[in-house]
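Examining the three-dimensional arrangement
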Amino acid sequence: ETLCAAPMAKVTALQALFDPFDTRIVYYIRPQVPLVESAFRQFQRARLSPRHTAIRDVAAYFKARQDGFDFEKNLAPWEAVFGTEAISVRLYDRRTCATDICGDFADVVGLPEIAEAGTALPPANASLDVPLTRALMAFKDMETDADKRRAFRSKLEDIAAQTTAA
């Protein structure tokens, strides 16, 4: 995920590491609205310090970080370094590949035996849903103790994991 908005210097350094190989870039994009909402929920989940209170809603979050959601801008360094022909852009969505991202990747890069091997994994970084995010935000407004905030967030993440698994 952290490579999606990598600056030119980082992409160039990666290219140098992979230079002897025939490298393909598989770049997953999400529909904008779910992407912004999910990123905001992740931001709220990580926001434990009382000093991080300026961004209180999705609109303010998008305004502050809108460059991060510009796919063309984020793809530009990859295209410049690896070439457009080396890049496959895929829609990350439950209807296409989000239930098995590893299998989709293997299929795109030409490893069908891995794609067919049932590589689906449970989410490693599941987002809190909207009601649980709102509960976390309300708790953070009332509680300044960082340890209690982390403990509450952990309980909400347990609830989210149980709900997702069901």
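This paragraph deals with the overall build of the protein. Per the secondary structure count, the protein includes eight helices and two strands. Walking the protein from its N terminus toward its C terminus, one meets helices and strands in the order α-β-α-α-α-β-α-α-α-α. Residues classed as buried in the protein amount to 33% of the 166 residues present. Element-wise, carbon and sulfur atoms account for 58% of the exposed surface of the protein, whose accessible area totals about 10700 Å².

Time to look at the pairing of strand S1 (residues 25-29). Counting buried positions over the five residues of S1 gives four, a clear majority of the element. Both S1 and strand S2 (residues 87-91) contribute to a ladder of five bridges, which runs parallel. Following the sheet pairing, Tyr 28 is matched in S2 by Arg 90.

Moving on: the packing of aromatic side chains. Geometry of an aromatic ring pair is reported as the spacing of the ring centres plus the angle between the planes. Under the counting rule described, the total for this entry stands at six aromatic pairs. Ring centres of Trp 78 and Phe 82 lie 5.9 Å apart, and the angle between their planes is 15°; this geometry places the pair in the stacked category. Within this pair, Trp 78 and its partner Phe 82 are both found in helix H4 (residues 71-82), separated by four residues, close to a single helical turn. Judged on exposure class, the residue Trp 78 and its partner Phe 82 are both buried. Each residue in the set Phe 40, Phe 43, Tyr 61, Phe 62 and Phe 69 is aromatic and connected to the rest through ring pairs, giving one cluster.

On the surface, Leu 17, Phe 18 and Phe 21 cluster together to form a nonpolar patch covering roughly 360 Å² of accessible area. Judged by relative accessible area, Phe 21 falls into the exposed class, the value being 57%.

Our next topic: the nonpolar core. Judged by nonpolar contacts, the single largest core of 21 residues is most densely connected at Tyr 61, Phe 69, Trp 78 and Phe 82. Secondary-structure elements contributing two or more residues to this core are helix H1 (8-18), S1, helix H2 (32-46) and H4. The element that contributes the greatest number of residues to this core is H2, accounting for five residues. With sequence-adjacent residues up to four places away left out, Trp 78 is seen in contact with Leu 3, Cys 4, Ala 6, Val 11, Leu 14, Ile 25, Tyr 27, Gly 83 and Ile 87. Counting five residues, the second largest nonpolar core, distinct from the first, contains Leu 128, Leu 132, Leu 136 and Ala 160.

For the coordinates displayed, the defined rule picks out four salt bridges. Two residues, Arg 90 and Asp 104, come together in a salt bridge whose shortest N-O distance is 2.5 Å. Taken as a pair, Arg 90 in strand S2 and Asp 104 in helix H5 (residues 101-108) lie far apart in primary sequence, 14 residues in all. Accessibility expressed as a relative area gives 29% for Arg 90, which makes it partly exposed. Between Glu 157 and Arg 153 there is a salt bridge, with the nearest N and O atoms lying 3.5 Å from each other. Of this pair, Glu 157 and Arg 153 both sit in helix H8 (residues 146-165), four residues apart, roughly one helical turn. By relative accessible area, Glu 157 is classed as partly exposed at 21%.

Checked against the element boundaries, Arg 134 lands in helix H7 (residues 130-142). Along the backbone, Arg 134 and Arg 41 are 93 residues apart, and their C-alpha atoms lie at a distance of 9.0 Å.

Rules used in this analysis
- Residues numbered from 1 in each chain as written.
- Predicted model: local features only at pLDDT ≥ 70, side-chain atom pairs only at ≥ 80, totals over all residues.
- Heavy atoms only, no water.
- Helix = DSSP H or I, 4+ residues; strand = E, 2+ residues; numbered from the N terminus.
- Buried < 20%, exposed > 50% of the residue type's maximum accessible area, 1.4 Å probe, protein only.
- Areas by Shrake-Rupley, 256 points an atom, 1.4 Å probe, with all protein chains shown as cover.
- Pairing = 2+ DSSP bridges.
- Phe/Tyr/Trp six-rings, centres within 6.5 Å; stacked < 30°, edge-to-face > 60°.
- Patch = residues over 30% accessible without salt bridge, like charges linked within 9 Å, V, L, I, M, F, W, Y side chains within 5 Å.
- Salt bridge = Lys/Arg side-chain N within 4 Å of Asp/Glu carboxyl O.
- Core = buried A, V, L, I, M, F, W, Y, C linked by side-chain atoms within 4.5 Å.
- Contact = heavy atoms within 4.5 Å.

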